[in-house]
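Read off the chains here:
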Amino acid sequence: MDKAQAQTISAIRVLAAETVQRANSGHPGIALGAAPMAYALWESMTHCPKNPDFFNRDRFVLSAGHGSSLLYSLLHVFGYGVTKEDLMNFRQLRSRTPGHPEIECTPGVETSTGPLGQGVANAVGFALAESALAAKYNKDGLNIVDHYTYALCGDGCMMEGIESEAASLAGTWKLGKLIVLYDSNDISIEGNTGIAFTEDVMKRHEAQGWQVIKVNDGEDVDAIQAAIKIAKDEKNKPSLIVVRTTIGFGSPKAGSADAHGAPLGDEGVETLKKNLGYKAKPFEVTGEVFKHMAGVIDELNKSESEWNKIVKAYKAKYPEDYERFNAEIKNKPQSAEQLYNAVKPTDKVDASRSYSGMILNQLADALPNLIGGSADLAPSNKTNLKGKGDYGANDRTGRNIHFGVREHAMAAICNGVALHGGFSVFCSTFFVFTDYMKNAMRMSAIMNLPVTYILTHDSIGVGEDGPTHQPIEQLVSLRSTPNIKVFRPCDCRETAAAYVSALSGKGPTAIVCSRQNLEYFEVSEDADPLKGGYIFADSDKEVPDVILIATGSEIGVTMHAYEQLKAAGVAARVVSMPCMELFEQQTAKYRESVLPAAVRARVAVEAGSSLCWGKYVGLDGACVCMDGFGCSAPANKLFEIYGFTTENIVKVATKVLRANR
């Protein structure tokens, strides 16, 4: 390491400490300890500061997202347009430097991170997408997809179960272009990691199929860069570079848990600068650093032009492949009309999971960039893409991804695939197991990523497997999450609409499907499931006496109740509500036409929690729902004992009618 490099690392450290100090909030410890490895990596990565989005760049994920001041300091000195003023506004309202990294907020940030371990799993998704896209498009001598994925993580990431799940998959898939740098300092918030974390991380990763390299001195930039080169040379294994560091290096709190999540104090920052021998005004870099980084940045900026030469030759020789590649990496949503044209719904009586599987395969034939898989449940989820091959170390072109029983990593990996570009991605499990993957689904929603979640076995209809497998509160949980559309279709037509909405819109979509068969009913040609809620069956009366609102499998029994009420002279309306989120996006006039305010007699019917139905049934309505756990018994028996019968719905509707007269 030469003097200019040492000065630059000191600048990164001081800027990070000053950033946290000015905000009086943040995490300086990792920034001070990991600055040399971060600099060593960024100096040797392929990236382009003048165009942070150039496609063939190496991806960098700060899995330990609490160390955001380190990332922002790197972006500042590496010329990404993160200014001195941005650093001074760290963690302030609407600044470009939020408390944890956020995409579309700061140039150069590849994924929003903060929940520990998620970033490692995102990085596995990036590496998977790179390998699959390279296998699909690269030609002899013309590799238009050829980049690495790097993640920087800490002890906390290594403690999280999601890291182990994701690392196991990365080793199984032999993702040789995935490199994780581990800031190993033996400190967590509560003190020395020995109180709760004594496993041999290196041996664990070796057992999971990783190459493991150790750097004993986190200040040795040359050794770190040599380790990165060794990692890049290993093509058949992901690499873990374990770098021994000192948390809070150079500060009075060095080596202490006190350095983790609190500012150093003004005196502490001054002591840091003195110990580092760094003399510059606050939030400034020295002339030596500026001059050194100008040369580094000039070299890095050449990477895009070099890639463009390859792309130009590729385009001339393979114009059709280039057009497809260029279209796919732009991640534009599909045309709803094109999607509908690819789908051939059926009126066959079946489970919505079967409708989902049929439609998914029809779309896979029409969309060659549609990939995904299940958490070891594809035969039950009906998510196998027939004839499309299995992704793995021996076949990067396979479009079926086998995640194993790893729901949390599965969802976070899919986030990485979506962020990388080039693919439409889905994943699947039993609906009840979304509890395992909720945080990754929440990150999909925060980042507004177009990940499709196919979630089957949606209610007490699971039957004999009992309460451990019967979702109750999961619908409420997902519906309460901003930015995610939750579909619970009642037939093939609504299932098709769910896929069209998922693939033609923005953000994540959950398609929640039944295990059991659904009844088939004819509906008006004007009925549009893409409006989220619509009139499924109506009376001759302009304003109905009572409105029955249902979703999914409960549409069938609700229709039988409607027919019985009609026979008794009651003017009832049945509203199907497959997606509350889309219904809420409709005009007030449309919503009023479906659920007129004058009709206060309303009954919601759904085999799930009643908690989300209050806004539709009001104080004068009622719910036929599940507010307790189920039990083990045949599905038809469960629907009977929990009140999902024609007789009970008629009884509840009649009671509501009387109360509103």
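The following refers to the structure shown. (Residues numbered from 1 in each chain as written. Predicted model: local features only at pLDDT ≥ 70, side-chain atom pairs only at ≥ 80, totals over all residues. Heavy atoms only, no water.)

### So, the overall build of the protein chain
Reasoning step 1: Each helix and strand in the protein chain was counted, giving 25 helices and 20 strands.
Reasoning step 2: For 661 residues, the compact-globule estimate of 2.2 N^0.38 gives 26 Å, and the protein chain sits close to it at 28 Å.
Reasoning step 3: Overall, the C-alpha framework of the protein chain stretches about 90 × 60 × 45 Å when taken along its three principal axes.
Reasoning step 4: Residues counted as buried form 61% of the 661 residues belonging to the protein chain.
Reasoning step 5: Considering only contacts in the protein chain between residues 6 or more positions apart, those separated by 24 or more positions represent 76%.
Reasoning step 6: Approximately 25600 Å² of the protein chain is accessible, and the part contributed by carbon and sulfur atoms is 49%.
Reasoning step 7: Where the 67 positive side-chain charges of the protein chain centre and where its 77 negative ones centre are 3 Å apart. (Helix = DSSP H or I, 4+ residues; strand = E, 2+ residues; numbered from the N terminus. Rg over C-alpha atoms; globule rule 2.2 N^0.38 Å. Buried < 20%, exposed > 50% of the residue type's maximum accessible area, 1.4 Å probe, protein only. Contact = heavy atoms within 4.5 Å. Areas by Shrake-Rupley, 256 points an atom, 1.4 Å probe, with all protein chains shown as cover. Lys, Arg positive; Asp, Glu negative; His and termini not counted. Charge placed at Lys NZ, Arg CZ, Asp CG, Glu CD.)

### Focus: the pairing of strand β17 (residues 546–550)
Reasoning step 1: Burial analysis of β17 places five of its five residues in the buried class, which makes it a mostly covered element.
Reasoning step 2: Going residue by residue along β17, you find Val 546, Leu 548 and Ala 550 tucked away on one face and Ile 547 and Ile 549 tucked away on the opposite face as well.
Reasoning step 3: Judged from the five bridges that link them, β17 and strand β18 (residues 572–576) form a sheet pairing that is parallel. Opposite Ala 550, over in β18, you have Ser 576 as the bridge partner.
Reasoning step 4: With helix α20 (residues 554–567) bridging β17 and its parallel neighbour β18, the resulting β-α-β unit is right-handed.
Reasoning step 5: In the sheet, β17 pairs with strand β19 (residues 602–605) via four bridges, with the strands oriented parallel. Paired with Ile 549 across the bridge in β19 is Ala 604. (Pairing = 2+ DSSP bridges. Right-handed = clockwise from strand over helix to strand, strands pointing away.)

### Overview of the state of the cysteines
Reasoning step 1: Following the criterion strictly, the structure yields zero disulfides and no others.
Reasoning step 2: Cys 612 supplies the cysteine sulfur nearest to Cys 579, a cysteine that is in no disulfide, at a spacing of 12 Å. (Disulfide = S-S within 2.5 Å.)

### So, the packing of aromatic side chains
Reasoning step 1: A full pass over the atoms with the stated rule returns 21 aromatic pairs.
Reasoning step 2: Judged by centre distance (6.0 Å) and plane angle (45°), the rings of Tyr 39 and Phe 78 are tilted. Pair noted here: Tyr 39 is in helix α2 (residues 28–44) and Phe 78 is in the loop between α3 (68–77) and α4 (84–88), with a separation of 39 residues, a long-range link.
Reasoning step 3: Through a chain of ring-to-ring contacts, the aromatic side chains of Tyr 39, Trp 42, Phe 60, Phe 78 and Tyr 80 assemble into a single cluster.
Reasoning step 4: Sitting over the face of the ring of Phe 55, Arg 59 holds its NZ or CZ atom 5.1 Å from the ring centroid. (Phe/Tyr/Trp six-rings, centres within 6.5 Å; stacked < 30°, edge-to-face > 60°. Lys NZ or Arg CZ within 6 Å of the ring centre and 35° of its normal.)

### A short note on the packing of helix α5 (residues 118–137) against helix α7 (residues 161–172)
Reasoning step 1: For the pair α5 and α7, interaxial distance at closest approach is 8 Å and the crossing angle is 20°. With respect to α7, the element α5 is oriented roughly parallel. Every pair of crossing elements has a handedness; the one defined by α5 and α7 is left-handed. Here Gln 118, Val 120, Ala 121 and Val 124 of α5 lie close against α7, whose contacting residues are Ile 162, Glu 163, Ala 166 and Ala 170.
Reasoning step 2: Residues of the contact of α5 with α7, tallied by class, amount to six nonpolar, one polar and one charged. (Axes fitted to C-alpha atoms, helices over the stretch in contact; angles between N-to-C directions. Parallel < 35°, antiparallel > 145°, perpendicular 65-115°, else oblique. Left-handed = near helix turned anticlockwise from the far one by under 90°. Nonpolar A, V, L, I, M, F, W, Y, C, P; charged D, E, K, R; others polar.)

### Examining helix α19 (residues 492–504)
Reasoning step 1: The first and last C-alpha atoms of α19 sit 18 Å apart over 13 residues, in line with the 18 Å expected at 1.5 Å per residue.
Reasoning step 2: With 11 of 13 residues buried, α19 lies mostly within the body of the structure.
Reasoning step 3: Within α19, the full set of buried residues consists of Cys 492, Glu 494, Thr 495, Ala 496, Ala 497, Ala 498, Tyr 499, Val 500, Ser 501, Ala 502 and Leu 503.
Reasoning step 4: N-cap assignment for α19: the residue whose side-chain oxygen lies 3.2 Å from the backbone N of Arg 493 is Asp 491. (Expected span 1.5 Å × (residues − 1). Polar contact = N/O pair within 3.5 Å; in protein donor to acceptor, adjacent residues only side chain to side chain.)

### As for helix α16 (residues 407–420)
Reasoning step 1: Relative to the 20 Å expected for 14 residues at 1.5 Å per residue, α16 spans 20 Å between its end C-alpha atoms, a close match to the ideal helical length.
Reasoning step 2: Across the 14 residues of α16, 14 count as buried, placing the element largely inside the fold.
Reasoning step 3: The first or second residue beyond α16 is Gly 421, which carries a positive phi of 100°.

### Some words on a negative patch on the surface
Reasoning step 1: A grouping of Asp 2, Asp 217, Asp 220, Asp 222 and Glu 288 is seen on the molecular surface, where their side chains present a negatively charged patch.
Reasoning step 2: Relative to the elements of secondary structure, Asp 217 occurs in the loop between β6 (211–215) and α9 (221–233).
Reasoning step 3: Taking relative accessible area as the criterion, Asp 217 reaches 40% and is therefore assigned partly exposed. (Patch = residues over 30% accessible without salt bridge, like charges linked within 9 Å, V, L, I, M, F, W, Y side chains within 5 Å. Salt bridge = Lys/Arg side-chain N within 4 Å of Asp/Glu carboxyl O.)

### Some thoughts on the nonpolar core
Reasoning step 1: In terms of nonpolar packing, the biggest core is built from 141 residues, with Trp 42, Phe 78, Trp 173, Ile 241 and Ile 413 touching the most fellow members.
Reasoning step 2: Looking at which element gives the most residues to this core, the answer is α5, with 12 residues.
Reasoning step 3: Here Trp 42 is in contact with His 47, Phe 60, Leu 71, Leu 74, Leu 75, Phe 78, Tyr 80 and Leu 300, once residues within four sequence places are set aside.
Reasoning step 4: Counting residues in each nonpolar core, the second largest holds 56 residues, with Tyr 534, Ile 555, Val 652 and Leu 657 among its members. (Core = buried A, V, L, I, M, F, W, Y, C linked by side-chain atoms within 4.5 Å.)

### Quick notes on the sheet that holds strand β16 (residues 534–537)
Reasoning step 1: Read from one edge of the open sheet, five strands run β16-β18-β17-β19-β20, paired in mixed fashion. With partners counted over all chains shown, the strands left at the sheet margins are β16 and β20 (622–624), one partner each. Looking at each pair of strands side by side, their axes are set apart by 30° on average, direction ignored.

### Some remarks on the packing of α5 against helix α12 (residues 319–329)
In a pair of packed helices, the angle between the axes and the distance between the axes together describe the arrangement.
Reasoning step 1: Between α5 and α12, the least distance of the axes is 11 Å, while the angle of their chain directions is 160°. With respect to each other, α5 and α12 are oriented roughly antiparallel. α12 is crossed by α5, and the crossing has right-handed handedness. Contacts between α5 and α12 pair Leu 133, Lys 136 and Tyr 137 from the former with Asp 321, Arg 324, Phe 325, Glu 328 and Ile 329 from the latter.
Reasoning step 2: Classifying every residue of the contact of α5 with α12 by side-chain character gives four nonpolar, no polar and four charged.

### Some words on the pairing of β19
Reasoning step 1: Burial along β19 is two-sided: the residues Arg 602 and Ala 604 and Val 603 and Val 605 are all buried.
Reasoning step 2: Sheet topology places β19 next to β20; three bridges connect them, and they run parallel. Looking at the pairing, Val 603 lines up with Ala 622 of β20.

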